[in-house]
Amino acid sequence: MNKLCKGMLAGAALLVAPFTQAAVIEWSYTVTTEWLDADFTAGNGTTFQDDSLISWGSTGGDHTDPTQGASNSRSGLEITNSPAVGNVFTNDMMPAPTNTITHYNNILSSNFATLLSAEVRTTLTLTPTDPAGPAAPAFMTDFFVDFFETPNTSPCGYPSDSVCDDIFVIQFGALNSEFEYDGVTYFISIVELTGNLNPLPNATCAAVGVANGCLGFTTQESTFTPAQFGFLITSRPVNVPEPAMLGLFGLGLLGLRAFGRRRSAKK
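Residues numbered from 1 in each chain as written. Predicted model: local features only at pLDDT ≥ 70, side-chain atom pairs only at ≥ 80, totals over all residues. Heavy atoms only, no water.

A.B. asks: Report on the pairing of strand β1 (residues 26-40), specifying residues and quantitative values.
C.D. replies: When β1 meets strand β7 (residues 115-130), the two strands line up antiparallel, connected through 14 bridges. Looking at β7, one finds that F40 is bridged to L115. (Pairing = 2+ DSSP bridges. Helix = DSSP H or I, 4+ residues; strand = E, 2+ residues; numbered from the N terminus.)

Spelled out as structure tokens, the structure:
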């Protein structure tokens, strides 16, 4: 784990431990993520959007098949594991895993319409199980995706592993939120668990038409890139700056979990 992740984890730990035990120790949760809309460039082929899938390319193509040729292929963004259900403990610094957004990047004909932007909404419902109680008000946040299906010709104009990587950028309405339940204030923090969402170079952000410091990833043709989200509930705020918290803090937590497992295996 790098020094930045270690420092962020240490700072977060100081904010949640020691702590006065919260009134609710354990919650059950349901997290639903759905696409609200999508905008595309002009072009041929077929564009599609419903709650779980945005896709574009050949009318008869399959976004999950990377072996198809450019004239009969599709690309897509798909939400899976929604709704996600489970249990989470207050002040447990291991995030509860929720929904995944996967980019399926396939080679497409330059004649096809491609994705420009999209909006996605996540809704979290919490119900106390220890001690049991009625559900808390639902927490809702919207994310916004900017996308650039690049022509496969150089120069790219931004750092790229191929000629030229497609660009996925995500902007968040809120990564941190708070709510009150039975007179106690709780804090919800969203993280990304795969480490695939990271700050992009300024030139990459500019290629998509967004400000410096944008968060996302670039992908080569015929590759699939998942971003799995998770969340924490704490009785004190996790004071890590946005958007660093989403990628680096989540990645650091995964490293901490793996380190703990290795130590346990040695005993």
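A.B. asks: Please provide a residue-by-residue account of the sheet that holds β1, values included.
C.D. replies: Across the sheet, seven strands lie side by side as β5-β1-β7-β8-β9-β13-β12; this open sheet has antiparallel pairing. Sheet topology places β5 (84-89) and β12 (198-199) at the edges, where each strand pairs with a single neighbour. Pairing of β1 with β5, which is carried by six bridges, proceeds in the antiparallel orientation. When the sheet's bridge partners are listed, V31 is paired in β5 with A84.

A.B. asks: Which residues make up the confidence of the model for the protein, and what values go with them?
C.D. replies: Averaged over the protein, the pLDDT score is 85; the fraction of residues at 70 or greater is 81%. Note that pLDDT drops below 50 for residues 13-20; the model gives that stretch 15 contacts with residues more than four away or on any other chain. (pLDDT = per-residue confidence, 0-100. Contact = heavy atoms within 4.5 Å.)

A.B. asks: Got a sec to walk through the environment of F168? Specific residues and values, please.
C.D. replies: Summarising the element assignment, F168 is placed in strand β9 (residues 166-172). Judged by relative accessible area, which is 3%, F168 ranks as buried. F168 sits 50 residues away from T218 along the chain, and the two C-alpha atoms are 6.1 Å apart. With near-sequence residues (within four places) excluded, F168 lies in contact with L77, V145, D146, F147, L197, L200, L215, G216 and F217. (Buried < 20%, exposed > 50% of the residue type's maximum accessible area, 1.4 Å probe, protein only.)

A.B. asks: Tell me about the side chain of S75, residues and numbers included.
C.D. replies: Among the secondary structure elements, S75 is positioned in strand β4 (residues 74-80). Within polar-contact distance, the side chain of S75 engages the backbone oxygen of Y104 at 3.5 Å. Sequence-distant contacts of S75, that is, excluding residues within four places in its chain, are made with I54, S55, W56, H63, Y104, N105, N106, L108 and E149. (Polar contact = N/O pair within 3.5 Å; in protein donor to acceptor, adjacent residues only side chain to side chain.)

A.B. asks: Break down the state of the cysteines for me, with residues and values.
C.D. replies: The term disulfide refers to a covalent linkage connecting the sulfur atoms of a pair of cysteines. Following the criterion strictly, the structure yields two disulfides and no others. With a sulfur-sulfur separation of 2.1 Å, C205 is cross-linked through a disulfide to C214. Around the S-S axis, the bridge from C205 to C214 shows a dihedral of about -95 degrees and counts as left-handed. Under the relative-accessibility criterion, C205 is labelled buried at 0%. If the cysteines joined by disulfides in the protein are listed in sequence order, their pairing comes out as 1-2, 3-4. (Disulfide = S-S within 2.5 Å.)

A.B. asks: Lay out the packing of aromatic side chains in plain terms, naming residues and giving numbers.
C.D. replies: Using the criterion set out here, one finds eleven aromatic pairs in the structure. Seen in terms of ring centroids, W27 and Y186 are 5.1 Å apart; in terms of plane orientation they differ by 90 degrees. Their pairing is edge-to-face. A residue pair is termed long-range when its members are at least 10 positions apart, and W27 in strand β1 and Y186 in strand β11 (residues 184-192) qualify at 159 residues. Comparing W27 with Y186, the two get one shared label, buried. Site record: aromatic cluster; members linked through ring pairs are W27, F179, Y181 and Y186. (Phe/Tyr/Trp six-rings, centres within 6.5 Å; stacked < 30°, edge-to-face > 60°.)

A.B. asks: Lay out the sheet that holds strand β10 (residues 176-181) with the relevant residues and their values.
C.D. replies: With antiparallel pairing, seven strands are arranged side by side in an open sheet as β2-β3-β4-β6-β14-β11-β10. Pairing within the sheet leaves two strands with one partner each, and these edge strands are β2 (46-49) and β10. The sheet shows a mean angle of 15 degrees between the axes of neighbouring strands, direction not considered. Examined bridge by bridge, β4 and strand β6 (residues 96-105) share five bridges and lie antiparallel to one another. Paired with L77 across the two strands is H103, which belongs to β6. (Axes fitted to C-alpha atoms, helices over the stretch in contact; angles between N-to-C directions.)

A.B. asks: Help me get a handle on the nonpolar core, residues and values and all.
C.D. replies: Ranked by size, the top nonpolar core spans 41 residues in total, and within it W27, W35, L126, L197 and F231 carry the most contacts. If sequence neighbours within four positions are ignored, F231 has contacts with Y29, V31, V88, P95, A96, T98, L124, L126, I188, S189, I190 and V191. Within the second largest apolar cluster, nine residues are counted, among which are V169, L200, C205 and V210. (Core = buried A, V, L, I, M, F, W, Y, C linked by side-chain atoms within 4.5 Å.)

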